[in-house]
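# Working through the structure, step by step
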Amino acid sequence: MPSATTLPKNEKSPEQGDPIFVSTKETARILGLSRNHVYEMLDEGLIESRYIGRRRLVVMVSLREFIAGLPTERGR
């Protein structure tokens, strides 16, 4: 487990301007989906999360990568 001063690879520090984690509620708002759908995506491993106590938080870098990997056009 990383120390308190070491971030896992690819995770930005708050000093760089972006949050490291966002709540599942905020993730749902960002994606325009329900919280239930976000939890399904987390359980499927499509987006990474971490636990702080009982609270499940979404890794922002993982969320950005997921969004970047979405198709830009609708398949026919």
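Residue positions are counted from 1 within each chain, in the order its sequence is given. Selection of residues for local features in this predicted model requires a pLDDT of at least 70, selection of side-chain atom pairs for listing and counting requires 80 or more, and totals for whole chains, interfaces and linings are taken over all residues. Think of the side-chain values as coming from all heavy atoms in the structure, minus any hydrogens and water.

### Quick look at the sheet that holds strand S1 (residues 21-23)
Whether two strands pair depends on DSSP finding at least two bridges between them. A run of H or I in DSSP becomes a helix once it reaches four residues, and a run of E becomes a strand once it reaches two; helices and strands are each numbered from the N terminus. The sheet built from three strands is open, its strands ordered S1-S3-S2 with antiparallel pairing. Edge strands, defined here as strands with exactly one partner in the open sheet, are S1 and strand S2 (49-52). The sheet shows a mean angle of 45 degrees between the axes of neighbouring strands, taken without regard to direction. Note: S2 against strand S3 (residues 55-59), four bridges, orientation antiparallel. Paired with Ser49 across the two strands is Val58, which belongs to S3. What counts as an axis is a line fitted to C-alpha atoms, over the stretch in contact for a helix, and the angles between N-to-C directions run from 0 to 180 degrees.

### As for the side chain of Ser23
Mapped onto the secondary structure, Ser23 falls in strand S1. We define a polar contact as two N or O atoms separated by no more than 3.5 Å, with the added condition that, inside protein, one atom must be a possible hydrogen donor and the other a possible acceptor, whereas residues neighbouring each other in sequence contribute only through side-chain atom pairs. Looking at Ser23, its side chain comes within polar contact range of the main-chain nitrogen of Glu26, at 2.9 Å. Contact between two residues is taken to exist if any of their heavy atoms lie within 4.5 Å; hydrogens are not considered. When near neighbours in sequence (up to four residues on either side) are disregarded, Ser23 contacts Arg55, Leu57 and Val58.

### Some words on the side chain of Thr27
Note on placement: Thr27 falls in helix H1 (residues 24-31). Only protein chains enter the accessibility calculation, which uses a 1.4 Å probe; a residue is then buried when its area is under 20% of its type maximum, exposed when over 50%, and partly exposed in between. Thr27 gets classed as buried once you look at its relative accessible area, which sits at 0%. The contact partners of Thr27, leaving out residues within four places of it in the chain, are Val22, Val38, Val58 and Leu63.

### Remarks on the environment of Leu33
Relative to the helices and strands, Leu33 resides in the loop between H1 and helix H2 (35-43). Sequence-distant contacts of Leu33, defined by excluding residues within four places in its chain, comprise Ala28 and Met41.

### Concerning helix H3 (residues 60-68)
Along H3, the positions that sit buried rather than exposed are Met60, Val61, Ser62, Leu63 and Phe66. Packed against the buried residues of H3 are S1, H1, H2 and S3.

### Overview of the confidence of the model for the protein chain
Caution is warranted with low-pLDDT regions, since their predicted coordinates should not be read in detail. pLDDT is a per-residue confidence score from the predictor, ranging from 0 to 100. Here the protein chain averages 85 in pLDDT, and 78% of its residues register 70 or above. Between the elements of the protein chain, mean pLDDT differs from a low of 96, seen in H3, to a high of 98, seen in H2. Below a pLDDT of 50 lies the segment residues 1-6, which in the model reaches one contact outside its immediate sequence neighbourhood of four places, other chains included.

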